[in-house]
Amino acid sequence: MAETVARWHQTLIKAAFTIGVSLTGLAGVTGCAAPGGSAGAGLSQEVITPSDEPEVRRRARIRLELAVNYFEMGKATVALDEVKQSLANDPTYADAYNLRGLIYMRLNDLAQAEDSFRRALSLRPSDPNVLHNNAWLLCQQQKYAEADKQFTQVLANPTYTARSKTLMAQGLCQARAGENTVAEQTLLRAYELDAGNPVVGYNLADLLTRRGDLTRAQFYIRRINNSELANAESLWLGIKIERGLGDAVAVRQLTEQLRKRFPDSRELSALERGAFND
């Protein structure tokens, strides 16, 4: 499922969605660039405005804004250099540590990512953006119970606004842990808040297919495949669902799309081998 998430994110990036890094960047890369604190973090601290922003923080903020831009362009090492400069100016900048954690996750250095989020949380223990990112890191480390607890802590914050993103990440992590029934309920909550998110819709359809509820799975996968966000994965899952429901017309239409749009995909290769149960 992790590979499915990553491939869906590639599709989303091509569709001009701002994601940042894998599921973690969904939590708050924009918040990293906010002067004096995370945007939308729901904290009670006073916001630092330009008139009272210390010079060291101003310099650190400018460097961090550059780092965010490089990070969103996929230039992780350049972004890391800017973050280092930001922290050299202000080593108490929690947002810089948060972004540093995201960068190290992209670079697959989980130990450094863990250290970065730990430092950010030591400065702002209740920041939901950092907590979300750290929870996803815990999920990557297969610390599923800890990750779930931290996701729940984020969602308990009444002023936190990115609830659909955290529910999505929590649901994906629960599925990775093999808690499919709980994951389905969590993803349904995410879907209620953001029905247009194809990562949520795809994974709901996948979970429903796994337990044999093809009619409900058909609803979610058709919404994706009837949109511009359809990709090889969604078309292949749609083919398997329609085949299971006996809709030969739909199978033929989806097959034609898969052959035409994704001729080099492994999904088309699986279709041609008849590997419907892989």
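Note that the coordinates shown come from a computational prediction; the quantities given were computed from them, not determined experimentally. (Residues numbered from 1 in each chain as written. Predicted model: local features only at pLDDT ≥ 70, side-chain atom pairs only at ≥ 80, totals over all residues. Heavy atoms only, no water.)

Engineer: In this structure, what is going on with the overall build of the protein chain? I would like to understand it.
Structural biologist: Counting its regular elements, the protein chain contains 15 helices and zero strands. Of all 278 residues assigned to the protein chain, the portion counted as buried reaches 51%. Put simply, 57% of the contacts in the protein chain that link residues at least 6 apart link residues at least 24 apart. Of the roughly 13200 Å² that the protein chain leaves accessible, carbon and sulfur atoms contribute 48%. (Helix = DSSP H or I, 4+ residues; strand = E, 2+ residues; numbered from the N terminus. Buried < 20%, exposed > 50% of the residue type's maximum accessible area, 1.4 Å probe, protein only. Contact = heavy atoms within 4.5 Å. Areas by Shrake-Rupley, 256 points an atom, 1.4 Å probe, with all protein chains shown as cover.)

Engineer: Explanation requested: the state of the cysteines in the structure shown.
Structural biologist: Cysteine pairs can be linked by a disulfide, which is a covalent bond between their two sulfur atoms. Applying the stated rule across the entire model yields one disulfide. Between Cys 139 and Cys 173 runs a disulfide, and the two sulfur atoms are separated by 2.3 Å. Since a negative S-S torsion denotes a left-handed disulfide, the Cys 139-Cys 173 link at about 120° is right-handed. Here Cys 173 lies in helix 9 (residues 163-176) and Cys 139 lies in helix 7 (residues 128-140), a separation of 34 residues in the sequence. For Cys 139, a relative accessible area of 0% gives the class buried. Residue classification places Cys 173 among the buried positions, given a relative accessible area of 3%. (Disulfide = S-S within 2.5 Å.)

Engineer: Looking at this structure, how should I read the environment of Leu 187?
Structural biologist: On the secondary structure map, Leu 187 appears in helix 10 (residues 180-193). In this structure the C-alpha to C-alpha distance between Leu 187 and Ala 175, which are 12 residues apart in sequence, comes to 9.8 Å. Other than its neighbours up to four places away in sequence, Leu 187 contacts Leu 167, Met 168, Gly 171, Leu 172, Val 200, Asn 203, Leu 204 and Leu 207.

Engineer: In this structure, what is going on with the nonpolar core? I would like to understand it.
Structural biologist: As a rule of thumb, nonpolar side chains are buried together in soluble globular proteins. Counting 60 residues, the largest nonpolar core has Val 83, Leu 99, Ile 103 and Trp 136 as the members making the most contacts within it. Among the nonpolar cores identified, the runner-up in size contains 11 residues, and Leu 235, Trp 236, Leu 254 and Ala 275 belong to it. (Core = buried A, V, L, I, M, F, W, Y, C linked by side-chain atoms within 4.5 Å.)

Engineer: It is not clear to me how the environment of Leu 235 should be interpreted in this structure. Could you clarify?
Structural biologist: Its location among the elements puts Leu 235 in helix 13 (residues 232-245). A residue is classified by how much of its surface remains accessible, and Leu 235, at 0% relative accessible area, is buried. In the structure, Leu 235 is positioned 19 residues away from Leu 254 in sequence and 6.0 Å away in space, judged by C-alpha atoms. Leave out the neighbours within four places in its chain, and Leu 235 touches Asn 225, Leu 254, Gln 257, Leu 258 and Phe 262.

Engineer: What should I look at first to understand the pattern of salt bridges in this one?
Structural biologist: Once their charged atoms are close, side chains differing in charge can pair, the charge on each being opposite to the other. For the structure on display, the rule yields 18 salt bridges. Across the pair Asp 213 and Arg 216 runs a salt bridge whose closest N-O atoms are separated by 3.7 Å. For Arg 216, a relative accessible area of 30% translates into the label partly exposed. Look at the salt bridges and you will find they share partners, linking Arg 100, Asp 115, Arg 118 and Arg 119 into a network. (Salt bridge = Lys/Arg side-chain N within 4 Å of Asp/Glu carboxyl O.)

Engineer: Just checking my understanding: could you explain the packing of aromatic side chains for this structure?
Structural biologist: Any pair of aromatic rings gets described here by the distance separating the centres and the angle formed by the planes. Applying the stated criterion to the full structure yields three aromatic pairs. For the ring pair Tyr 191 and Tyr 220, a centre distance of 4.9 Å and an interplane angle of 90° mean the geometry is edge-to-face. Remark: Tyr 220 occurs in helix 12 (residues 214-225) and Tyr 191 occurs in helix 10; sequence separation between them is 29 residues. Take Tyr 191: its relative accessible area is 9%, and that puts it in the buried class. Cluster of aromatic residues (ring-pair linked, three or more members): Tyr 191, Phe 219 and Tyr 220. A cation sits over an aromatic face here: Arg 57 above Tyr 93, 4.2 Å from the ring centre. The positively charged end of Arg 243 is found above the aromatic ring belonging to Phe 276, 3.9 Å away from the centroid. (Phe/Tyr/Trp six-rings, centres within 6.5 Å; stacked < 30°, edge-to-face > 60°. Lys NZ or Arg CZ within 6 Å of the ring centre and 35° of its normal.)

Engineer: What's the story with helix 6 (residues 110-123) in this structure? I'm lost.
Structural biologist: For an α-helix, 3.6 residues make a turn, and residues three or four places apart therefore share a direction. For helix 6, with 14 residues, the first-to-last C-alpha span of 20 Å sits near the 20 Å given by 1.5 Å per residue. Among all positions in helix 6, only Ala 113, Asp 115, Ser 116, Phe 117, Ala 120 and Leu 121 are buried. (Expected span 1.5 Å × (residues − 1).)

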